[in-house]
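The lines below spell out each chain.
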Amino acid sequence: MTAGDSFGRLDDDDYPAYTMGRAAEMLGTTQGFLRAIGEARLITPLRSEGGHRRYSRYQLRIAARARELVDQGTPIEAACRIVILEDQLEEAQRINAEYRRAAASENPTSAG
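Procedures and definitions
- Residues numbered from 1 in each chain as written.
- Predicted model: local features only at pLDDT ≥ 70, side-chain atom pairs only at ≥ 80, totals over all residues.
- Heavy atoms only, no water.
- Helix = DSSP H or I, 4+ residues; strand = E, 2+ residues; numbered from the N terminus.
- Buried < 20%, exposed > 50% of the residue type's maximum accessible area, 1.4 Å probe, protein only.
- Contact = heavy atoms within 4.5 Å.
- Areas by Shrake-Rupley, 256 points an atom, 1.4 Å probe, with all protein chains shown as cover.
- Pairing = 2+ DSSP bridges.
- Axes fitted to C-alpha atoms, helices over the stretch in contact; angles between N-to-C directions.
- Core = buried A, V, L, I, M, F, W, Y, C linked by side-chain atoms within 4.5 Å.
- Parallel < 35°, antiparallel > 145°, perpendicular 65-115°, else oblique.
- Nonpolar A, V, L, I, M, F, W, Y, C, P; charged D, E, K, R; others polar.
- Arc of directions from axis to C-beta.
- Salt bridge = Lys/Arg side-chain N within 4 Å of Asp/Glu carboxyl O.

With that settled, consider the overall build of the protein chain. Of the regular secondary structure elements, the protein chain holds 5 helices and 3 strands. Start at the N end of the protein chain and walk to the C end: the helices and strands fall as α-β-α-α-β-β-α-α. Residue burial in the protein chain is summarised as follows: out of 112 residues, 22% are buried. The long-range fraction of contacts in the protein chain, counting pairs at least 24 apart against all pairs at least 6 apart in sequence, stands at 58%. Taken as a whole, the protein chain presents about 7,900 Å² of accessible surface, with 50% of it coming from carbon and sulfur.

Shown next as structure tokens:
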């Protein structure tokens, strides 16, 4: 991989660019919190060749949402489940909107 290839991935939400320490710092939380949401299977970080956890921007957004819920007093397991359900709902709504657009383009209705 060249330096140019690496820079191109900086815009990729799924590229595991952040170490556990950096991710925890960015979220204002502890590495233990990141381990806990990993154990709850909210996120599964990739591992570097040396076995270190690496997080993507998408995973950091998910972790930040879980942290908001935990900070409001929600138990971590419940917070993880809520975030998973929110993510599934968002994806279902996106797919539904795509189906509606496709159906509308196949069956245009004439006004009047």
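Strand order in this open sheet of 3 strands is β1-β3-β2, and the pairing throughout is antiparallel. Two strands bound the open sheet, and with one partner strand each, they are β1 (18-19) and β2 (46-47). Here 2 bridges tie β1 to strand β3 (residues 53-55), and the two strands are oriented antiparallel to one another. Bridge pairing links T19 to R54 in β3. Where helix α4 (residues 57-71) meets the sheet, it contacts β1 and β3, and its direction lies at approximately 85° from that of β3.

For the rest of this paragraph, the subject is the nonpolar core. With 19 residues, the main nonpolar core has L34, I37, L42, I43 and Y55 as its most contacted residues. Of all the elements, α4 adds the most residues to this core, at 5 residues. Residues in contact with L34, not counting those within four places in the same chain, are M20, A23, A24, L27, Y55 and A63.

Our focus in this paragraph is the packing of helix α2 (residues 20-27) against helix α3 (residues 31-39). Working note: a packed helix pair is described by the angle between its axes plus the distance between those axes. Close contact between α2 and α3 brings their axes to 8 Å; oriented N to C, the two are set at 100°. Taken together, the axes of α2 and α3 are roughly perpendicular relative to one another. Residues M20, G21, A23, A24 and L27 of α2 touch α3, and the partners they reach there are Q31, L34 and R35. For the contact of α2 with α3, the per-class residue count stands at 5 nonpolar, 2 polar and 1 charged.

Next up on the list: α3. For α3, the complete set of buried residues consists of F33, L34 and I37. Down the axis of α3, the buried set is contained in an arc of 100°. They therefore lie on one face. On its buried side, α3 packs onto α2, β3, α4 and α5 (76-106).

Next up on the list: the pattern of salt bridges. Summed over the entire model, instances satisfying the criterion amount to 8 salt bridges. For R65, the salt bridge goes to E68, with nearest N and O atoms at 3.1 Å. Residue R65 and its partner E68 are located together in helix α4, separated by 3 residues, close to a single helical turn. For D71, the salt bridge goes to R67, with nearest N and O atoms at 3.6 Å.

Its place among the elements puts A40 in the loop between α3 and β2. Residue classification places A40 among the partly exposed residues on the basis of a relative accessible area of 29%.

Moving on, we get to the environment of A63. When you line up the elements, A63 lands in helix α4. C-alpha of A63 to C-alpha of F33: the two residues are 30 residues apart in sequence and 9.0 Å apart in space. Here A63 is in contact with L27, F33, L34, I37 and I43, once residues within four sequence places are set aside.

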